[in-house]
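# Survey of secondary and tertiary structure
Here are the chains, one letter per residue:
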Amino acid sequence: MSSSAAAVASVRDVSKTFGSRKALDGVSVEVAAGEMVALIGPSGSGKSTLLRSITGLQSIDPGKGTIEVFGETVQKNGRITGRVRAARGKLGMIFQQFNLVGRLSLFSNVMLGALGRLPVWRGLFGLWPAHDKDRAMAALHRVGVSDYAGQRANTLSGGQQQRGAIARAIVQGAQAILADEPVASLDPVSARKVMELLVELNKRDGMGVIVTLHQVDYAIRYCDRVIALQAGKIVYDGPTTGLDTNRLIDIYGPEFEDAFWEAKA
């Protein structure tokens, strides 16, 4: 199966146990190429564990569970396979804490996205090909932070750093973005800008996007499909239009309004 036709992620009967707690309990889900999907649910519901398992940052329980990324089996029988590196090369990963190298310039951080296709020595000595440099500056311009290219990452605001992380995924040539709480550390204005960038990459570039969110209103506003987890199980998988008040109470309990960033009308 070609990567363009294969699902971004295919998860089958996956469980993950931490001590006596089932973080994932027999989860099966598939996200097609080009989809924009939000993972929602209360804290501890398993959404971040699911995302980390898809990327191979977290191993799953032994058993019949399997995870494929763009047709590559990355986890099977509780083991991360040798294909995980190839699969990760197609995934741009965005984290809550940005994962930029603070002492490096924003430009250098974005250039790190090119490491997967360059000899290691080029990266070590900063000997970047001219076309990759051009690509990095174009990516920084696209996400609106090219004016800060020469600035150390740790001197930038959270929103600027997160947009830099998205630019890095663009330079990487990612076919999909997996974002784990990418706006949780940002103010609402910066958060909206980051979510709008993810939507643009989805709609304009055809990138699949899977994003975990605490903010239900952001999931409804920016994503077409929502997968809700509760105690490690999928309790809703469907269009955002299906998330009415009763459904949200089922997912979050009577305090469901706490899951909205902006006041629910």
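Heads up: these notes are all about the structure in this document. (Residues numbered from 1 in each chain as written. Predicted model: local features only at pLDDT ≥ 70, side-chain atom pairs only at ≥ 80, totals over all residues. Heavy atoms only, no water.)

### Concerning the nonpolar core
Quick note on the threshold: The set of buried Ala, Val, Leu, Ile, Met, Phe, Trp, Tyr and Cys residues whose side-chain atoms join them within 4.5 Å is what this entry labels a nonpolar core. Note on exposure labels: buried denotes an accessible area under 20% of the residue type's maximum, exposed denotes more than 50%, and partly exposed covers the range between, all computed with a 1.4 Å probe on protein chains only. Labels follow the DSSP assignment, with helices taken as runs of H or I lasting at least four residues and strands as runs of E lasting at least two, numbered in each case from the N terminus. What makes two residues a contact is simply this: any of their non-hydrogen atoms within 4.5 Å.
In this structure, Ile40 and Ile166 are the most contacted members of the largest nonpolar core, which totals 56 residues. Tallying contributions element by element places helix H7 (residues 188-205) first for this core, with seven residues. Once you skip the residues sitting within four places of it in the chain, Ile40 turns out to touch Ser45, Lys47, Leu213, Val216, Ala219, Val226, Ile227, Ala228, Leu229, Leu243, Ile251 and Tyr252. Core analysis: the next-biggest nonpolar cluster, separate from the first, contains 26 residues, Val31, Leu51, Leu91 and Leu229 among them.

### Description of the packing of aromatic side chains
To keep it simple, the criterion reads: Each Phe, Tyr or Trp ring, with Trp reduced to its six-membered ring, pairs with another whose centre is within 6.5 Å; inter-plane angles below 30 degrees give stacked pairs, above 60 give edge-to-face pairs, and intermediate values give tilted ones. Ring-over charges, as used throughout, are those where CZ of Arg or NZ of Lys falls within 6 Å of the ring centre and within 35 degrees of the ring normal.
Scanning the entire structure with this criterion turns up one aromatic pair. Centroid distance Tyr218 to Tyr222: 5.6 Å. Interplanar angle 70°. Geometry classified as edge-to-face. One end of the pair is Tyr218 and the other is Tyr222, both in helix H8 (residues 216-222) and four residues apart, which spans about a single turn. Among the residues examined, Tyr222 registers a relative accessible area of 10% and is labelled buried. For Lys16, the ring lying beneath its charged end belongs to Phe18, and the centroid distance is 5.2 Å.

### Comments concerning the packing of helix H6 (residues 158-172) against H7
Basically, it comes down to this: Fitting a line to C-alpha atoms yields each axis, with helices limited to the stretch in contact; the angle taken between N-to-C directions then spans 0 to 180 degrees. Angle categories are assigned with fixed cut-offs, so that under 35 degrees is roughly parallel, over 145 is roughly antiparallel, 65 to 115 is roughly perpendicular, and the rest are oblique. Each crossing is labelled by how the near helix is turned from the far one, with a counterclockwise turn of less than a right angle marking it left-handed and a clockwise turn marking it right-handed. The nonpolar class holds Ala, Val, Leu, Ile, Met, Phe, Trp, Tyr, Cys and Pro. Asp, Glu, Lys and Arg form the charged class, and all remaining residues, Gly among them, are polar.
H7 packs onto H6 with a crossing angle of 15° between their chain directions and a minimal axis gap of 9 Å. With respect to H7, the element H6 is oriented roughly parallel. Here H6 runs over H7; the crossing is right-handed. Within the contact between the two elements, H6 uses Gly159, Gln162, Arg163, Ile166 and Ile170 and H7 uses Ser190, Lys193, Val194, Leu197, Leu198 and Leu201. A class-by-class count of the residues in the contact of H6 with H7 yields six nonpolar, three polar and two charged.

### Side note on the sheet that holds strand S5 (residues 72-76)
Operational definition: In this scheme, strands are said to pair when DSSP sees at least two bridges between them.
The sheet built from five strands is open, its strands ordered S2-S1-S4-S5-S6 with antiparallel pairing. Two strands bound the open sheet, and with one partner strand each, they are strand S2 (21-31) and strand S6 (79-80). Here strand S4 (residues 66-69) runs beside S5; their pairing, made up of four bridges, is antiparallel. Of the residues in S5, the one forming a bridge with Val69 is Glu72.

### Notes on the side chain of Lys16
Operational definition: In this charge count, Lys and Arg are treated as positive and Asp and Glu as negative; neither His nor the chain ends contribute. One speaks of a salt bridge when a side-chain nitrogen belonging to Lys or Arg is within 4 Å of a carboxyl oxygen belonging to Asp or Glu. Identification of polar contacts relies on pairs of N or O atoms within 3.5 Å, with a donor-acceptor requirement for protein atoms, meaning one able to donate a hydrogen and the other able to accept it, and with residues adjacent in sequence counted only if both atoms are side-chain atoms.
Position of Lys16 relative to the elements: it lies in strand S1 (residues 9-18). The side chain of Lys16 sits in the buried core without any salt bridge; Asp61 is the nearest counter-charge, 4.5 Å away. At 3.1 Å, the side chain of Lys16 and the backbone oxygen of Ser59 are in polar contact.

### As for the pairing of strand S10 (residues 225-230)
With respect to burial, S10 is a largely interior element, five of its six residues being buried. Relative to S10, strand S3 (residues 36-40) is paired through four bridges, and the arrangement is parallel. Each residue of the ladder has a partner; that of Ile40, found in S10, is Ala228. Note that S10 and strand S11 (residues 233-239) share six bridges and pair antiparallel. Note on S11: the bridge partner recorded for Ile227 is Asp237. Between the end of S10 and the start of S11, which pair antiparallel, lie two residues, with Ala231 showing a positive phi angle near 50°.

### Overview of the environment of Gly44
Summarising the element assignment, Gly44 is placed in the loop between S3 and helix H1 (47-55). Remark: the alpha-carbon pair of Gly44 and Arg21, spanning 23 residues in sequence, is separated by 9.9 Å.

### With respect to the side chain of Arg163
Considering the arrangement of structural elements, one finds Arg163 in helix H6. Of the side chains with opposite charge, Asp187 comes closest to the buried, unpaired Arg163, at an N-O distance of 8.6 Å. Residues within four places of Arg163 in sequence aside, it is in contact with Val143, Gly144, Val145, Lys193, Val194 and Leu197.

Shape descriptors only; they carry no functional weight alone.
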